[in-house]
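Residue strings, one per chain:
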Amino acid sequence: MHSRVFAALLALAASTPAAADVRVVASVPALGSIAREVVGDAGRVDVLAPAEQDPHFADGKPSMILALNRADALLFAGLGLETGWLPTLVTASRNPRIQPGSPGSIEATAMVPLLETGGRADRSLGDVHPGGNPHVWLDPRRARTIALGLAERLAALDTERAAAYRANASRFAAELDRRIEAWEKAMAPYAGRSVVPFHKSLVYLTDWLGLKEVATIEPLPGISPSPSHLAGLILRLRDTSPPPLVVSEPWHNLGTAATVAKKAGARFVRLPGDVGSVPGKDGYVAHLDELLARLRAGWEGK
Amino acid sequence: MLAASLLLSLALSPLAAGASPDARAAAPTNEDERARLEAELTLELGAASPPPDAPVVPLPPGPKILPDISLVGTFAAAAFTREPTLRLAAHEPLHDGPQLQEIELALQSNVDPFLRADVYFAITEEGLEVEEAYATTLALPWNLQARAGHFYAPFGRFNQVHFLEMTPFVDMPLPNRRFFGGEQLRGTGAEASVLLPLPFFLELRAAAITAGNEVSFGVEGSEIERATDLLGVARAMASFELADRLTLNVGASVASGPNATSDPIDEGAHRTDVYGGDLYLRLRDRSSRAFTALQSEFMYRRASAPGGRVEQSGVYAWLVRRFDAHWEAAVRGDLLPDGSEAGRPELEEELGPFLEPISQWRVGGAISWYPTEFQRLRLQVNHDSGIRARGGHARSGQEFFLQYQFVIGAHGAHPF
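The model shown is predicted, which means the values in this text are computed figures rather than measured ones. (Residues numbered from 1 in each chain as written. Chains lettered and ligands numbered in written order. Predicted model: local features only at pLDDT ≥ 70, side-chain atom pairs only at ≥ 80, totals over all residues. Heavy atoms only, no water.)

Visitor: Before we move on, could you go through the pattern of salt bridges and cite the residues and values that matter?
Guide: Counted by the stated rule, this structure contains 43 salt bridges over all chains. Among the salt bridges present, the one from Arg332(B) reaches Asp171(B), with a minimum N-O distance of 3.0 Å. Residue Arg332(B) is located in strand β13 (residues 327-336), and its partner Asp171(B) is located in the loop between α4 (163-166) and α5 (174-180); the two are separated by 161 residues in the primary sequence. Here Asp273(B) and Arg302(B) are joined by a salt bridge, their closest N and O atoms 3.3 Å apart. Within this pair, whereas Asp273(B) is found in strand β10 (residues 271-284), its partner Arg302(B) is found in strand β11 (residues 291-305), the two being separated by 29 residues in sequence. Assessed through its relative accessible area of 14%, Asp273(B) is described here as buried. The exposure class assigned to Arg302(B) is partly exposed, which follows from its relative accessible area of 30%. Salt bridges sharing common partners tie together Arg94(A), Arg147(B), Glu191(B), Glu203(B) and Arg205(B). (Salt bridge = Lys/Arg side-chain N within 4 Å of Asp/Glu carboxyl O. Helix = DSSP H or I, 4+ residues; strand = E, 2+ residues; numbered from the N terminus. Buried < 20%, exposed > 50% of the residue type's maximum accessible area, 1.4 Å probe, protein only.)

Visitor: Talk me through the interface of chain B and chain A; I want residue IDs and the actual numbers.
Guide: Taken together, the contacts link 42 residues of chain B with 37 residues of chain A. Summed over both partners, the interface of chain B with chain A buries about 3,400 Å², with 54% contributed by carbon and sulfur atoms. Viewed at the interface, chain A and chain B are joined by 5 salt bridges. In this structure, Lys61(A) engages Glu241(B) in a salt bridge whose closest nitrogen and oxygen atoms are separated by 3.1 Å. Along the contact surface separating chain B from chain A lie 15 residue pairs in polar contact (both at pLDDT 80 or more). Contributing elements (two or more residues each) for the side of chain B that touches chain A: β5 (144-152), β6 (186-195), β7 (201-209), β8 (231-243), β9 (246-258) and β10 of chain B. Residues that form the side of chain B that touches chain A fall into these classes: 16 nonpolar, 14 polar and 12 charged. (Contact = heavy atoms within 4.5 Å. Buried area = accessible area lost by both parts, 1.4 Å probe. Polar contact = N/O pair within 3.5 Å; in protein donor to acceptor, adjacent residues only side chain to side chain. Nonpolar A, V, L, I, M, F, W, Y, C, P; charged D, E, K, R; others polar.)

Visitor: Please give an account of the packing of helix α5 (residues 140-157) of chain A against helix α6 (residues 162-187) of chain A that cites residues and values.
Guide: Residue and element names in this part refer to chain A. Look at α5 against α6: their axes get within 9 Å of each other, and the N-to-C directions meet at 175 degrees. On the basis of their axis angle, the class for α5 and α6 is roughly antiparallel. Contact residues: Pro140, Arg141, Ala143, Arg144, Ala147, Leu148, Ala151, Glu152, Leu154 and Ala155 in α5; Ala162, Tyr165, Arg166, Ala169, Ser170, Phe172, Ala173, Leu176, Asp177, Ile180 and Trp183 in α6. (Axes fitted to C-alpha atoms, helices over the stretch in contact; angles between N-to-C directions. Parallel < 35°, antiparallel > 145°, perpendicular 65-115°, else oblique.)

Visitor: So what's going on with the side chain of Gln145(B)? Which residues, and what values?
Guide: Residue placement: Gln145(B) occurs in strand β5. Its relative accessible area of 6% is what places Gln145(B) among the buried residues.

Visitor: Now, about unusual backbone geometry: what can you tell me, with residues and values included?
Guide: Residue and element names in this part refer to chain A. Here Ser241 and Pro242 are connected by a cis peptide whose omega angle stands at -5 degrees. Along the chain, Pro242 falls in the loop between α8 (227-238) and β7 (245-248). Positive phi values are uncommon outside glycine, yet Arg94 reaches one of about 60 degrees. Relative to the elements of secondary structure, Arg94 occurs in the loop between α4 (86-92) and β4 (105-107). Even without a glycine there, the phi angle at Glu116 is positive, about 60 degrees. Turning to its location among the elements, Glu116 is positioned in the loop between β4 and α5.

Visitor: Hey, could you go over the sheet that holds strand β1 (residues 22-26) of chain A for me, with residue numbers and the actual values?
Guide: Residues and elements named next belong to chain A. Within the open sheet, the 4 strands sit side by side as β2-β1-β3-β4. Their pairing is parallel. Both outer strands of the open sheet, β2 (43-47) and β4, are each paired with one neighbouring strand and no more. Across the sheet, the mean angle from the axis of one strand to that of its neighbour is 20 degrees, orientation sign disregarded. For β1 and β2, the ladder comprises 5 bridges, and the chain directions are parallel. Looking across to β2, one finds that Val24 is bridged to Val45. (Pairing = 2+ DSSP bridges.)

Visitor: Before we move on, can you summarise α6(A) with the specific residues and values?
Guide: All names here are of chain A. In this model α6 runs 36 Å from its N-terminal to its C-terminal C-alpha over 26 residues, within 8% of the 38 Å that 1.5 Å per residue would give. All of the buried residues in α6 are Ala162, Tyr165, Asn168, Ala169, Phe172, Ala173, Leu176, Ile180, Trp183 and Met187. Contact partners of the buried residues in α6: β1, α2 (29-39), α5, α7 (203-209) and α10 (284-300). (Expected span 1.5 Å × (residues − 1).)

Visitor: Lay out the packing of α2(A) against α6(A) in plain terms, naming residues and giving numbers.
Guide: All names here are of chain A. Two elements in contact, α2 and α6, have axes whose closest approach is 7 Å; the angle formed by their N-to-C orientations is 120 degrees. When the interaxial angle is binned, α2 and α6 end up oblique. Here Ile34, Glu37, Val38 and Val39 of α2 lie close against α6, whose contacting residues are Ala164, Tyr165, Asn168, Ala169 and Phe172. For the contact of α2 with α6, the residue count by class is 7 nonpolar, 1 polar and 1 charged.

Visitor: So what's going on with a nonpolar patch on the surface? Which residues, and what values?
Guide: Residues and elements named next belong to chain B. Where nonpolar side chains cluster on the molecular surface, the patch consists of Phe75, Phe323, Trp327, Ile367, Trp369, Leu377, Leu379, Leu402 and Tyr404 and spans about 840 Å² of accessible area. Elements supplying a minimum of two residues to the nonpolar patch: β15 (358-372), β16 (375-384) and β18 (397-409). Note on Phe75: relative accessible area 35%, which makes it partly exposed. (Patch = residues over 30% accessible without salt bridge, like charges linked within 9 Å, V, L, I, M, F, W, Y side chains within 5 Å. Areas by Shrake-Rupley, 256 points an atom, 1.4 Å probe, with all protein chains shown as cover.)

Visitor: Any chance you could break down the packing of aromatic side chains for me, citing the residues and the numbers?
Guide: For the coordinates displayed, the defined rule picks out 15 aromatic pairs over all chains. Summarising the aromatic geometry, the rings of Phe172(A) and Tyr284(A) are spaced 6.2 Å apart at their centres and angled 85 degrees between planes, so their arrangement reads as edge-to-face. Of this pair, Phe172(A) sits in helix α6 while Tyr284(A) sits in helix α10, and the two are 112 residues apart along the sequence. Judged by its relative accessible area of 1%, Phe172(A) is buried. When the ring of Phe75(B) is compared with that of Phe406(B), the centres are 6.4 Å apart and the planes differ by 25 degrees; the resulting orientation is stacked. Pair noted here: Phe75(B) is in strand β1 (residues 68-80) and Phe406(B) is in strand β18, with a separation of 331 residues, a long-range link. Of the aromatic side chains, those joined through ring pairs into one cluster are Phe158(B), Phe163(B), Phe169(B), Tyr316(B) and Trp318(B). One residue, Arg147(B), lies across the ring of Tyr134(B), its end atom 4.7 Å from the ring centre. (Phe/Tyr/Trp six-rings, centres within 6.5 Å; stacked < 30°, edge-to-face > 60°. Lys NZ or Arg CZ within 6 Å of the ring centre and 35° of its normal.)

The structure is reproduced here in structure tokens:
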């Protein structure tokens, strides 16, 4: 009896993920959506941060430790984006495969050219990311690079399915190529237009589409705007022609953003949260479609 | 002679002749000639120290390998309408007027691919102390993890956090203060933990540490003679996702060790056992930093002393509402119901006043304002019943605190 219980416990303790099922954990939904394209049927992808919440401030819950404990790879943005919640989870996961420096610890921002690098590491400039802006995924060209890079990393970790990862990533890259052409065509009439995001989370999108980020509602990253800052901002925006589009993700103070837009004579667009926050727009492509459609609708006054 | 041979070596070196290292690499015949000359000179002039193969070129400066460094400064101004109830100097406001609660300096880094280290120094009005300093394994098999060093014992929820940064109040709940004192339950030793491979989160921890805690145990490290003189602490914690944004953590803990009611320590005779149960229920709002959380802990202590035994229980519960990035409000109730004695325990040593059975209750509320993520202003008001011991009378009073905190340096992650 005792030996049977012991054997059962042993089996339970040894129940690492089945060889047939690669497990990838992504810190944020956009990276999760890219990972799903690359992993395809070869395994499963779990996403930690909810799509409706600011990725800087996700709750690092014990259930996430469970997912990380079983992961073969962790795909995260890096550059300090998840520093408030992810590192303790990774330590608590007890999983050597995803510890910093391990082959399964995959930093998305290390794969792509970065913007806003070389800034001063100084909190008088707000909650800065001195290594560069970490919000890379809203540029589909960089998403493409991340997908191909992830495929190579997974191929090295799981040589049996290397061909599948590479084929999946190539298929996704080809789809993005087609989409990028269509998106760029649809957005071409708005090139050079001004946008005012709440936080500096759209720099890769504006860089891709040739939009002009004339200001942010936050005076500095992570610093809430004071009335005097907002008054100055509104006066500046009133002088901007044509009027800019004020945009914000749902986790910022939408009332503030809408008020600034109204008083500045500009339009306000509520952007979707991360991938999966809009029902029916679950994949990376559908999400970006939705985001760009909202921007166009804003400019068209719809 | 030696100087002359060195000069000759230098004069004959390829660099002195204007040849770059690349040119040398590209021309193996020169290398052959160089080797031939070197052998010839060694024979003629003796085996002086050979010149370096290539000039020493300083490496370009790279990123320095430094641990993450952060510092949290916490200051308070306090006003008590009567003498504050019995407490030990540590991190709580102790007297009327402005005071330093704590400067916490943290150094954190991986040691190597297999280990990370976390070191926290606390500077208080009492001086400098090592609050925690431990190494944690990262790559043990079987979901195991080990810690060694000086750390907060894995007992309950409150005891494991740096409460000035992590809880919504300026002070400690009464049961934690009464049972573990201002320094909380911590010691030097080792801990092993395991994450069980179940569909839900269940973690078991067990630690053996020094029992220097001066409120329930009081056995200094220098007095340890056998393994049973150490404090044993064990904890089980489970977590459940009750709904999309609703999480429940429940835990049970036990701490057992010798106490210093007799001197010298009498083997196995006088021990203190503390049992605890805790829960944490957290509901996060959908699209903001707002959340609502309920935290409660129950603790029961049984301590034997020469001539008898004392028992005491305690409970606290707090409810906190974080409204947005800037505002937070919290209320807390603490209760130490009447403790009891069996026999005629002699509570004369230093531990005595802390083991004595008492009754006390307290309610309090706090409002916090975070101008940015890196600073906080907090106002708290308590009504405290005062301590009633052995049929005596308690003097109730009010406590008022204004606290300011700032954080500089590396951005630490918050435990859930």
